[in-house]
Amino acid sequence: MTAGSDSVLELLPMVFASPKEALARAEQVLADDPSPLHASVAHQVIGIWQRDFGDLRIALRHLRRARDLAARAESADREADVLGTLGVALVHAGSTRQGLEAFERGVARGTGLTRARVLFRRAYVWWVLGHHREALEDVRRAIPVLRQADDVIWTARALTLRATVHLALGAVERAEADFTAAEALWDTTGQDHDKADVVESRGLAAFRSGDVPAALRLLDEAEERYAKLDTPTFMLNIRRCEVLMAAGLAPEALAEADTATGVLDGIGGQSTRKAELLLAAARAARLAGDPQTAIARADLAVRLFAAQRRTWWETHARLVLIEARVAAGRTSGRLVADAAGIADRLAAFGAPAAPEASLLAGRIALALGWRTDAERHLTVAARSRHSGPPLARLTGWAAQALRAQAAGSGRRVLEACRHGLDVLDDHRMTLGASELRARATEQGAELAALAQQASLVSGGPRQLLVWSERWRATALSTPPTRPPADPALQTSLTAYREIAARAEHARMDGRPVPALEREQRRLEREIRSRTLHIRGDSPGDGAAFDPARLLERLGEVRLVELAVLDGRVHVLLCGQGRVRRFEAGLLADAVVEAEHVQAGLRRLAHPGAEGRLPVVEAAGRRLEELLLGPAAAHLGSGPVVVVPPGRLHRVPWALLPSLRERVLSVSPSASSWLRARETEPSPGGRHVLVRGPGLATGGAEVPEVADRYGRPTVLEHDDASVPRVLEALDGAALAHIAAHGTFRADSPLFSSLRMADGPLIVHDFERLDRSPYRIILSSCDTARLASVGADELLGLVTALLPLGTAGVLASSAPVNDAAVVPLMLALHKGLSAGLSLAEALRDARAALPGDAVHQATGWAFSAFGAA
């Protein structure tokens, strides 16, 4: 390697093409007693590797040695090049003044191409420091020289950097043009690390333009490229945190930032990256509802950025710090002034976050009753409502709505909320995954609450119903985008089932399963990642909710929609051509009572707990008072549909005294009930009966139910495999699945039904062209759902409703397996006689024995939808 200068100099580009090979060769050069010039290059290569992938303290030792050796070799350009590399390392170590001084010397010592490379590195440092105009000036001076010298690698790096600076300033189109040009150049080189970096940067560009699925896909692709090079990816971690937060996945962003910070500390990595990771963690903690963690992370980030002289970053960290303090309940005139000052500084930087700071200042001022100050700050924030990415426009419309509320104009509040929620709807429909659609609704929770409050004050019950529907179960408004025919996804799903089945058998045998559980979690991450990449292809039905149409279709049915305003339940009773409003109890009290009921039902599922029956019935009476209040006396005698908020999805509604003897169904929204009512079964749809393994009763109801339907499709034993079951379910008229159900609160779309070859998960159901018209899930907890976003639910039931299922019967609590059998037989007796699910369930409950176990089993099941 020491035969000539050219061969040694080749090590420098190799650091970002094959990092570990470059490190090994540089160490070999030093072992061969090289000249000062060659030793300088080798130390610089080791310094770059340690700076970007290892210990920054070791990097600084090697780079200072490289600088001294270059001076001994009396090569001005060699010394300038090392000074540029050293300047970057010093800034990353937090020694900003010394780093900038190294650049001054490097620019002065270098000539021609070398000087252009030093200017590029200084432009990078200006970007790190948040001095975007200075960064653009240096890169503007460097690019013509690099191009003239036909230096493809450094020209591509300069274009990539310029694109990244454009992104920081909100110039997405300019960034895209530079990324495209850079990518074309990288394709002509072997610089694998640089290629991964531009893929990562394109992911950031996709995010800035509002395409979250593309951003996640590109960031995952970049991670795969980095993994092949076995290099750390701290900048990637930071960018993915930003995208995850925008997708409503703040807890995951917090975990990613904290994990990356631990890895960075473990290798003695860059102080600048640590500060950025802390800022990402602070933002994620605030969005995850953990203001104290947000305050701690943001405070440390502020101090690090200040020590590093990174004013742009420090200002952003101070914004998050104030947001976290406000979330923790603090308000003061000082916070108004601080937020306003931050807004001014961000605006001077050209930072897209400036409206966010003005909105914060306006909110605090409103809380203090400072109307004049609030109007000034909110007016500034509202200017962002007509341009920029969706979430920036949403900030502007939120400010406009708060201005209108402060002015006492309900009409203007509703107008602003309508525009803002339209923006968010457009954004949500770019998301193909139902999970992302559901979680993204959190961004509109404030606008929805403002609109409902304005409706309550200035409108009638009908208008409140419209706004309650406007933001209820919106993720169910259209089917999720069907996953593409992705062989890798299919392979992962098959492998997941096999591993999960092996783990289940091992647990039953009492064998340890840590290795299988690790592989199962890895496959879950892979499946979920590929699902989140899916881009939405449905523009929505575009039809606004029409109360008159609902009232017309209800007939003798009463629909009870529960809206929550300022923590209190408001009952909107729809029927007989009108909408009436009643005030009930506090939501928090109802949630606590519902948990008590769930505990009682769990105990009643086992013989010997009969003494708990009066306690559970008394809790049902208290729940009725809290949830229906005076509306209970106005339900009439006909069927009732209950539309609860997400936090009440586990209420066993049949336990409420006024609902106990009724034809009763539950729906996520009035709109969802209307769609279910108007859904027709597929022509010639078959009846499908499935028995999964390991049931206490062996699915004893299935053979008897089969006799009621002539020649149904019966899948049991080895035939009850996931592929066979999915094939049979697609377009079926009725499906009855007797299988163990598992609800995953940590990851609701991995809730499952146990088949012969492993779990049938929600992701599998979403691959159906059309799910069964009616589906009966006879096992425990199949109606359990996770409440996410503003008021959304994720789980087995909600996966089926948008896919063409008009009616689902499922249990929201553990049930006694033996008691389920007579309930199911009575249910199918009603269905075969032409009754709906709700009608058949009402009659089946009445036919059960009167003991506590059978009564509790009947209460645990609910009919969802309208079939």
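For every chain, the first residue of the written sequence is number 1, and numbering continues from 1 onward in sequence order. pLDDT decides what is reported in this predicted model: residues at 70 or higher carry local features, side-chain atom pairs at 80 or more are listed and counted, and totals for whole chains, interfaces and linings draw on all residues regardless. Only heavy atoms go into the side-chain values, all of them from the structure, while hydrogens and water stay out.

A. Region of the structure containing the nonpolar core. To qualify as a nonpolar core, a set must consist of buried Ala, Val, Leu, Ile, Met, Phe, Trp, Tyr and Cys residues joined through side-chain atoms within 4.5 Å. Whether a residue is buried, partly exposed or exposed follows from its accessible area with a 1.4 Å probe, protein chains only, as a fraction of its type maximum: under 20%, in between, or over 50%, in that order. By size, the foremost hydrophobic cluster in this structure holds 134 residues, and its most contacted members are W127, V212, L346, C417 and L436. A run of H or I in DSSP counts as a helix once it spans at least four residues, and a run of E counts as a strand once it spans at least two, with each numbered from the N terminus. Looking at this core, the element that brings in the most residues is helix α8 (residues 112–129), giving 11 residues. By definition in these notes, contact holds between two residues if any of their heavy atoms fall within 4.5 Å. Residue contacts for L436: discarding those within four places in its chain leaves V212, L216, A247, L249, L431 and L532. Residues V560, A590, L695 and L734 belong to the second largest nonpolar core, which totals 96 residues.

B. Structural view of the packing of helix α37 (residues 817–832) against helix α38 (residues 837–847). Angles shown run from 0 to 180 degrees and are taken between the N-to-C directions of axes, each axis being a line fitted to C-alpha atoms and, for helices, limited to the stretch in contact. Two elements in contact, α37 and α38, have axes separated by 8 Å at closest approach and are oriented at 135°. Considered as vectors, α37 and α38 are oriented oblique to each other. Crossing of α37 against α38: the hand is right-handed. Across the interface between the two elements, L823, A826, L827, G830 and L831 from α37 touch L837, A840, L841, A844, R845 and A847 from α38. Grouping the constituent residues of the contact of α37 with α38 by class yields nine nonpolar, one polar and one charged. Any angle from 65 to 115 degrees is called roughly perpendicular, while one under 35 is roughly parallel, one over 145 is roughly antiparallel, and all others are oblique. Handedness of a crossing is defined here by the sense of rotation of the near helix relative to the far one, left-handed for an anticlockwise turn of less than a right angle and right-handed for a clockwise turn. The residue classification treats Ala, Val, Leu, Ile, Met, Phe, Trp, Tyr, Cys and Pro as nonpolar and Asp, Glu, Lys and Arg as charged. All others, Gly included, are polar.

C. Spatial organisation of the side chain of R774. Position of R774 relative to the elements: it lies in strand β12 (residues 774–777). When charges are counted, neither His nor the chain ends are considered; positive counts come from Lys and Arg and negative counts from Asp and Glu. A pairing counts as a salt bridge when a side-chain nitrogen of Lys or Arg comes within 4 Å of a carboxyl oxygen of Asp or Glu. Look at R774: it is buried, it has no salt bridge, and the nearest opposite charge is E839 at 6.8 Å. When near neighbours in sequence (up to four residues on either side) are disregarded, R774 contacts A733, L734, A735, G807, L831, L835, S836, L837 and A867.

D. Representation of the environment of W397 in the model. Among the structural elements, W397 can be located in helix α22 (residues 390–406). Judged by its relative accessible area of 10%, W397 is buried. With 15 residues separating them in the primary sequence, W397 and A382 have C-alpha atoms 6.2 Å apart. Setting aside residues up to four positions removed in sequence, W397 forms contacts with R385, H386, A416, H419, G420, V423 and L447.

E. Region of interest: the sheet that holds strand β10 (residues 752–755). Strand pairing requires that DSSP identify at least two bridges connecting the strands. Overall, antiparallel pairing links the three strands, which are arranged β9-β10-β11 in an open sheet. Every interior strand has two partners, whereas the edge strands, β9 (741–742) and β11 (758–761), have only one. Relative to β11, helix α34 (residues 722–729) is tilted by about 30°, and along the sheet it contacts β10 and β11.

F. Region of interest: the packing of aromatic side chains. Under the pairing criterion, centres of Phe, Tyr and Trp rings, with the six-membered ring standing for Trp, must be within 6.5 Å; the plane angle then separates stacked pairs below 30 degrees from edge-to-face pairs above 60, leaving the rest tilted. Evaluated as defined, the whole model comprises six aromatic pairs. Residues F305 and W313 carry aromatic rings whose centres are separated by 5.7 Å and whose planes lie at 20° to one another, so their mutual orientation is stacked. Owing to a relative accessible area of 0%, F305 belongs among the buried residues under this scheme. You can call W313 buried: its relative accessible area is 12%.

G. Examining unusual backbone geometry more closely. Despite not being glycine, D230 has its phi angle at roughly 55°, a positive value. Within the element layout of this structure, D230 appears in the loop between α13 (212–229) and α14 (234–246). A residue is classified by how much of its surface remains accessible, and D230, at 47% relative accessible area, is partly exposed. Phi is positive for D566, close to 50°, though the residue is something other than glycine. Within the fold, D566 resides in the loop between β1 (558–565) and β2 (568–575).

H. Inspection of the pattern of salt bridges at higher detail. What the rule picks out here adds up to 54 salt bridges. In this structure, E200 engages R239 in a salt bridge whose closest nitrogen and oxygen atoms are separated by 2.9 Å. In this pair, E200 is assigned in helix α12 (residues 192–208) and R239 in helix α14, connecting sequence segments 39 residues apart. Note that D299 is salt-bridged to R303, the shortest N-O span being 3.3 Å. With D299 and R303 both in helix α17 (residues 291–307) and four residues apart, the pair spans about one turn of that helix. Look at D299 and you get partly exposed, because its relative accessible area is 29%. Here the residues in one salt-bridge network are E104, R122, D138 and R141, joined through shared partners.

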